[in-house]
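Here is how the chains run, residue by residue.
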Amino acid sequence: MRALVLAMLAVTASTAAADDFCVQMAALMQPGSEGALHLPATSRPAECRVSLSLGRGQQQNCHWAFDYRSVAARDALADVLDAVTTCLGPDITVTTDQNVNHPDAYDLRLIDHADQQYAVSLKDKGALGQTLVFVRLPIEP
């Protein structure tokens, strides 16, 4: 019985973290937003910046830095990808971009939803001794 209660608490905490991520993600997609985005399983905030996208739109680019080629970075990539796809719901298409010339490792997942494109990626930066996990979110017009 104790194991069942602990398992239920873990699922509830996981669901709450995903809900928080979705709320944060939606806020960052609003014009003029200065919200924060935290890793789904932790309270670790991302560094976010607004940039221009093709067609004069805007997007939020957020990232977390990890030790170079660490397991924590790979886990964060999986957590962020899972959180973003969960937030967007079932009507999405996820593809893996393989056509990138990058000197270190690079893993990019493109997510299409309702005529918008989202991205979650991992980039090894050997010169910096870091691996970065990125999420790119469109800002609603």
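What you are looking at is a predicted structure, and each value in this text was computed from that prediction instead of being measured.

Considerations on the state of the cysteines
Point 1. The final tally for this structure, using the stated rule, is 2 disulfides.
Point 2. In this model Cys22 forms its disulfide with Cys87; the gap between the sulfur atoms is 2.0 Å. A torsion of -95 degrees about the S-S bond marks the disulfide between Cys22 and Cys87 as left-handed. Of this pair, Cys22 sits in helix H1 (residues 2–28) while Cys87 is found in helix H2 (residues 71–88), placing the two residues 65 residues apart along the sequence.
Point 3. Given the relative accessible area of 23%, Cys87 is considered partly exposed.
Point 4. Note on cysteine connectivity: Cys48 is disulfide-linked to Cys62, with sulfurs 2.0 Å apart. Between Cys48 and Cys62 the sulfur-sulfur dihedral comes to about 115 degrees; the bridge is accordingly right-handed. Here Cys48 is found in strand E1 (residues 47–52), whereas its partner Cys62 is found in strand E2 (residues 58–67), with 14 residues between them in sequence.
Point 5. Numbered in order of appearance, the disulfide-bonded cysteines of the protein chain are paired 1-4, 2-3.

Quick look at the pairing of E1
Point 1. Bridge count for E1 against E2 is 6 bridges, and the pairing is antiparallel. Residue pairing across strands places Val50 opposite Gln60, the latter belonging to E2.
Point 2. Linkage of E1 to E2, two consecutive antiparallel strands, is achieved through a turn of 5 residues, within which Gly55 is found at a positive phi near 80 degrees.

A word on the pattern of salt bridges
Point 1. Under the defined criterion, the tally for this structure stands at 3 salt bridges.
Point 2. Put simply, Asp107 and Arg109 hold a salt bridge, and the shortest N to O gap is 3.0 Å.
Point 3. It is possible to trace a salt-bridge network through shared partners that takes in Arg74, Asp107 and Arg109.

Conventions and cut-offs
Residues numbered from 1 in each chain as written. Predicted model: local features only at pLDDT ≥ 70, side-chain atom pairs only at ≥ 80, totals over all residues. Heavy atoms only, no water. Disulfide = S-S within 2.5 Å. Helix = DSSP H or I, 4+ residues; strand = E, 2+ residues; numbered from the N terminus. Buried < 20%, exposed > 50% of the residue type's maximum accessible area, 1.4 Å probe, protein only. Pairing = 2+ DSSP bridges. Salt bridge = Lys/Arg side-chain N within 4 Å of Asp/Glu carboxyl O.

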